[in-house]
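Chain by chain, the residues:
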Amino acid sequence: MHEKYASCIEACYTCAAECNHCAMACLQEDNVKMMARCIALDFDCAEICALAAAAMARGSENARRICAACADVCQACGDECGKHDHDHCRRCAAACRRCAEECRRMAAV
């Protein structure tokens, strides 16, 4: 089962890593308060991406529902990160958008 979703699983793991990196990099920015929403969404996104990847890998009957929710969270995180000029936010936004696309595709199967 997991081979069928390999591209989505990879996108989820990549997104989780980028979100964790972004959150930690945001904590090092001069105006951390301005980055609060970005940090919070990064943590939420990283968690749901890891859950979605694990659900797909084990062939969970809830994988499609989890991936649908993951796509929504990734979209919100990508939109927020896209508002910031920091390189880590730009990389995170790109990973979130890719993951949202992959998760939407998987959830529609």
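Look up: the structure comes first, before these words.
Predicted model, so just to flag it, every value in this text is computed and none were measured.

**So, the nonpolar core**
Right, so step 1: Core analysis: the biggest nonpolar cluster contains 40 residues, and Cys-12, Cys-15, Cys-49, Met-56, Cys-70, Cys-74 and Cys-99 have the highest contact counts within it.
Right, so step 2: With 11 residues, the top contributor of residues to this core is helix α2 (residues 36–57).
Right, so step 3: Beyond its immediate chain neighbours, meaning those up to four positions away, Cys-99 contacts Ala-11, Cys-12, Cys-15, Cys-49, Cys-70 and Cys-74.

**Concerning the packing of α2 against helix α3 (residues 63–81)**
Right, so step 1: Packing of α2 against α3 leaves a shortest axis separation of 9 Å and a crossing angle of 155°. Here α2 is positioned roughly antiparallel relative to α3, judged by the angle of their axes. The crossing of α2 and α3 is left-handed. Here Arg-37, Cys-38, Leu-41, Asp-42, Asp-44, Cys-45, Ile-48, Cys-49, Leu-51, Ala-52, Ala-55 and Met-56 of α2 lie close against α3, whose contacting residues are Ala-63, Ile-66, Cys-67, Ala-69, Cys-70, Val-73, Cys-74, Ala-76, Cys-77, Glu-80 and Cys-81.

Basis of the calculations
- Residues numbered from 1 in each chain as written.
- Predicted model: local features only at pLDDT ≥ 70, side-chain atom pairs only at ≥ 80, totals over all residues.
- Heavy atoms only, no water.
- Core = buried A, V, L, I, M, F, W, Y, C linked by side-chain atoms within 4.5 Å.
- Buried < 20%, exposed > 50% of the residue type's maximum accessible area, 1.4 Å probe, protein only.
- Helix = DSSP H or I, 4+ residues; strand = E, 2+ residues; numbered from the N terminus.
- Contact = heavy atoms within 4.5 Å.
- Axes fitted to C-alpha atoms, helices over the stretch in contact; angles between N-to-C directions.
- Parallel < 35°, antiparallel > 145°, perpendicular 65-115°, else oblique.
- Left-handed = near helix turned anticlockwise from the far one by under 90°.

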